[in-house]
Amino acid sequence: QVHLVESGGGLAQPGGSLRLSCAASGDIYRVNDMSWYRQAPGKERELVAHITRGGDTNYADPVKGRFTISRDNAKNTVDLKMNTLIAEDTAVYYCSADVKVGRNYEYNYWGEGTKVTVSS
């Protein structure tokens, strides 16, 4: 069994910053791609940022230049540094990871989410 646990959400003012963290634990052979998604009230879940095991990244257009995704392969963690926050960033943020649990088996796992609210 593999678990993803997010942390770091909360309330931030417009223009402020927050850092989200996600840690994978359990029966892990190797963590491959990791991503952050978000779901705003009344909207569908959307990809925010993605990072490969080798460190290649891509971002959704609304967060380019403001958010940075990074990871620590030794610790099986992924972070999302969010700068210049705006009200539209308000959402529940979810961590997702493709995890090999054996040499031949890879599954996609999700955390339970952490809420981010941007408001003055």
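The structure under discussion appears in the preceding block.
Residues numbered from 1 in each chain as written. Predicted model: local features only at pLDDT ≥ 70, side-chain atom pairs only at ≥ 80, totals over all residues. Heavy atoms only, no water.

Caption draft 1: Structural detail: the environment of Glu-106. Along the polypeptide, Glu-106 turns up in strand 10 (residues 106–110). With a relative accessible area of 42%, Glu-106 lands in the partly exposed category. Separated by 78 residues in sequence, Glu-106 and Ile-28 place their C-alpha atoms 9.8 Å apart. Side-chain polar atoms of Glu-106 contact the side chain of Asn-32, separated by 2.6 Å. (Helix = DSSP H or I, 4+ residues; strand = E, 2+ residues; numbered from the N terminus. Buried < 20%, exposed > 50% of the residue type's maximum accessible area, 1.4 Å probe, protein only. Polar contact = N/O pair within 3.5 Å; in protein donor to acceptor, adjacent residues only side chain to side chain.)

Caption draft 2: How the structure looks around the nonpolar core. Grouped together as the largest cluster of nonpolar side chains are 30 residues, with contacts concentrated most on Trp-36, Val-48, Phe-67, Val-78, Leu-80, Met-82 and Tyr-93. Broken down by secondary-structure element, the contributors of at least two residues to this core are strand 1 (2–7), strand 3 (18–26), strand 4 (30–39), strand 5 (46–51), strand 7 (67–72), strand 8 (77–82), strand 9 (91–100) and strand 11 (114–118). If you tally residues by element for this core, the top one is strand 9, at five residues. (Core = buried A, V, L, I, M, F, W, Y, C linked by side-chain atoms within 4.5 Å.)

Caption draft 3: Summary view of the pattern of salt bridges. A full pass over the atoms with the stated rule returns five salt bridges. Across the pair Asp-89 and Arg-38 runs a salt bridge, and its minimum N-O distance is 2.9 Å. Of this pair, Asp-89 sits in the loop between strand 8 and strand 9 while Arg-38 sits in strand 4; the two residues are 51 residues apart in sequence, bridging distant segments of the chain. Arg-38 matches Asp-89 in its accessibility class, with the two residues each being buried. A salt bridge links Arg-66 to Asp-89; the nearest nitrogen and oxygen atoms lie 2.7 Å apart. One end of the pair, Arg-66, is in the loop between strand 6 (57–59) and strand 7; the other, Asp-89, is in the loop between strand 8 and strand 9, and 23 residues separate them in sequence. The network of salt bridges with shared partners includes Arg-38, Glu-46, Arg-66 and Asp-89. (Salt bridge = Lys/Arg side-chain N within 4 Å of Asp/Glu carboxyl O.)

Caption draft 4: Region of the structure containing the side chain of Asn-76. Take Asn-76: it is sitting in the loop between strand 7 and strand 8. Take Asn-76: its relative accessible area is 18%, and that puts it in the buried class.

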